[in-house]
Amino acid sequence: MELNYSEFSIGSVFDEVKSTILPLSQVKSLEMDFNLELDIGIQADRSRLIQILYNLISNAVKFTPEGGKVSVYCKKIGNRAIFSVTDTGIGISSEDQKYLFEPFKQIDSGMNRQYGGTGLGLALVKQFVDLHKGRVWFTSVQGKGSSFIFELPVNGLDEVEKSENVFKDSATKVEVSANFSG
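Note that the coordinates shown come from a computational prediction; the quantities given were computed from them, not determined experimentally.

Scoring rules and cut-offs
- Residues numbered from 1 in each chain as written.
- Predicted model: local features only at pLDDT ≥ 70, side-chain atom pairs only at ≥ 80, totals over all residues.
- Heavy atoms only, no water.
- Axes fitted to C-alpha atoms, helices over the stretch in contact; angles between N-to-C directions.
- Helix = DSSP H or I, 4+ residues; strand = E, 2+ residues; numbered from the N terminus.
- Parallel < 35°, antiparallel > 145°, perpendicular 65-115°, else oblique.
- Left-handed = near helix turned anticlockwise from the far one by under 90°.
- Contact = heavy atoms within 4.5 Å.
- Nonpolar A, V, L, I, M, F, W, Y, C, P; charged D, E, K, R; others polar.
- Buried < 20%, exposed > 50% of the residue type's maximum accessible area, 1.4 Å probe, protein only.
- Pairing = 2+ DSSP bridges.
- pLDDT = per-residue confidence, 0-100.

Colleague: So what exactly am I meant to see when it comes to the packing of helix α1 (residues 10-27) against helix α2 (residues 46-62) here?
Modeller: Two packed helices can be described by the angle between their axes and the distance between those axes. Orientation of α1 relative to α2, taken along the N-to-C sense of each, is 30°, at an axis distance of 10 Å. Here α1 lies roughly parallel to α2, going by the angle between them. Between α1 and α2 lies a crossing of right-handed hand. Contact with α1, carried on its side by Ser-12, Val-13, Phe-14, Glu-16, Val-17, Thr-20, Ile-21, Leu-24 and Ser-25, involves Arg-46, Leu-49, Ile-50, Leu-53, Tyr-54, Ile-57, Ser-58 and Val-61 of α2 and no other residues of that element. In terms of residue class, the contact of α1 with α2 is made up of 11 nonpolar, four polar and two charged.

Colleague: What should I look at first to understand the pairing of strand β6 (residues 135-141) in this one?
Modeller: The side chains of a regular strand alternate between the sheet's two faces. Only one face of β6 is buried: it carries Val-136, Phe-138 and Ser-140, and the other face, with Arg-135, Trp-137, Thr-139 and Val-141, is open. Strand direction decides the pairing type here: β6 and strand β7 (residues 145-153), joined by seven bridges, are antiparallel. Among the inter-strand pairings, Thr-139 is bridged to a residue of β7, identified as Ser-147. Count of turn residues in the β6/β7 antiparallel hairpin: three residues, of which Gly-143 carries a positive phi of about 85°.

Colleague: Help me understand the confidence of the model for the protein in this model?
Modeller: For residues with low pLDDT, the predicted coordinates do not support detailed interpretation. Residues at a pLDDT of 70 or more form 76% of the protein, whose mean pLDDT is 82. When mean pLDDT is compared element by element in the protein, strand β5 (residues 80-87) scores highest at 98, while helix α3 (residues 109-115) scores lowest at 45. In this model residues 162-182 is a low-confidence stretch, pLDDT under 50, and it forms zero contacts with partners more than four residues away in sequence or in other chains.

And the structure:
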């Protein structure tokens, strides 16, 4: 998979995800809270960031009982954008947590029959975050809820290329002829 980088505001992504997810949350009378510390500009693949957020938020909505709460938050720390999706849902048992990011792995077939899903959402989240050179992690307490957190570099490819190409751009090409004989 490849990423298509562009520069955009995280606020515009929040607005788009919010308009898609709010009708789903209203069916369950969930309180939805989107909080952006300040509208950060980011260089990333916009459609992949939307998919990451949509997968995490739709899982939070799916696994949060009626009347619960889902909070989405973003802030900038240094050159990283830190996102979190927190819910007051069913949580994940410590035994099942090791399977969360594996493709087609559903942690409880009985629950998934009740809640639906393919088992690909979190695997895709991890793959897209990794492609952006970011990190993803979570905390969860069974019966109390979960928080999924991920971070992405704000400067996208520029940040990655700077560290990898630090010597390539400043190197001087020198041709030397040599005669090696033994």
